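Per-entry structural report
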Amino acid sequence: MLLRPLRSVQQSVQPASKPENLTAPPPQFTHGEKEWRNMEWSEDVRETLMESIRSFKPASETVTEARVLLVGPVGAGKSSFISSVQSVFSGRVINRAMVGSSSSTSFTKKLRSYNIKGAGENANEPTALVLCDIMGVGEGESTGLTLHDALSVIKGHAPEGHQFSPQQPIGAETVGFIKKPSTNDKVHCVVFVIDGSKVGSYAKSFGATFQQLREHISNLGVHQVALLTHVDQVCNATRSDITKVYKSQAIKQAMVKAGELLGMATSYIVPVKNYCSELDLDENTDILLLKAVDHILQYVNLYFQDNSS
């Protein structure tokens, strides 16, 4: 396969508005507006979602774990999402998946797989869900994640801890290379992670590159969904009250833009707020994160149904 680097993320420069043309931005949230997606917020909902994820088992007799790969631009929130989900099940905010700053280079350089632990009496027992972190996109032509390497991970050829380098593509000579991957080695669902606060400024070339990647992934029979992160930075009303996420027109518009960027229907996209500066968990933030995991697992199950013997 031709080695082709995923192009770097560029931000388009918006021309400055002239004072006489200034207009008030559309309202982000209108009081009393109905939700554009149904969502329930309660402790019972949180516990039901947690139990569903804890008890999840891959719909395959030969597979013990569901491997989910997170792919996205640098700083979009891949590692933060993993840490946030781990936090929910740990009962406190933790940062087990190493999270970098908002620089232009990827903090994650290696393939890392994280088991999501249970909770309560099952705190030391891993669930059947494994979230895989990978090098981010956006470092440049010479240092970014390549299409070849991304597909090698999805096919199950890449060993755990593999150090990514565009100059050394994953191949038979790679230390730990898995020549004949089993279904356990492969990725069962790919999650694209898009920063909601930047979705309108990604270059068109970025979208073209990711749509090309999506086409290759589809040819492998792997389902794809997307997370829209940093929704609290998209809408002020949602920042102060996360339960307004599905009433916010600003977030709805950001999801439409994410869908256009990825070439994906918005029904595959869910908004999330990761834990960043917080020291304590929040019930409603937990529910949004758990709902995202539940959404992902639906498509994991479709993979196993499609590939059942």
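Okay, so let's go over this structure. (Residues numbered from 1 in each chain as written. Predicted model: local features only at pLDDT ≥ 70, side-chain atom pairs only at ≥ 80, totals over all residues. Heavy atoms only, no water.)

Overview of the side chain of Asn274
Topologically, Asn274 is positioned in the loop between strand 6 (269–271) and helix 7 (283–306). On the basis of relative accessibility, which here comes to 5%, the residue Asn274 falls in the buried class. Looking at Asn274, its side chain comes within polar contact range of the main-chain oxygen of Gly77, at 3.3 Å. When residues no more than four places from it in sequence are discounted, the contact partners of Asn274 are Gly77, Ser80, Phe81, Ser84, Thr229 and Leu289. (Helix = DSSP H or I, 4+ residues; strand = E, 2+ residues; numbered from the N terminus. Buried < 20%, exposed > 50% of the residue type's maximum accessible area, 1.4 Å probe, protein only. Polar contact = N/O pair within 3.5 Å; in protein donor to acceptor, adjacent residues only side chain to side chain. Contact = heavy atoms within 4.5 Å.)

Focus on the environment of Trp36
Note that Trp36 resides in the segment before helix 1 (43–54). Judged by its relative accessible area of 21%, Trp36 is partly exposed. Linking Trp36 and Lys247, residues 211 residues apart in sequence, is a C-alpha distance of 6.2 Å. Residues in contact with Trp36, not counting those within four places in the same chain, are Val245, Tyr246, Lys247, Ser248, Gln249, Ile251, Lys252 and Met255. Within the structure, Trp36 has its side chain in polar contact with the backbone oxygen of Ser248 (distance 3.2 Å).

Side note on the nonpolar core
A general trend in soluble globular proteins is that nonpolar side chains are found buried together. Phe81 and Phe192 are the most contacted members of the largest nonpolar core, which has 88 residues in total. Here this core takes 12 residues from helix 7, the largest share from any one element. Setting aside its immediate chain neighbours within four residues, Phe81 contacts Leu70, Leu131, Leu227, Val272, Asn274, Leu289, Ala292, Val293 and Ile296. (Core = buried A, V, L, I, M, F, W, Y, C linked by side-chain atoms within 4.5 Å.)

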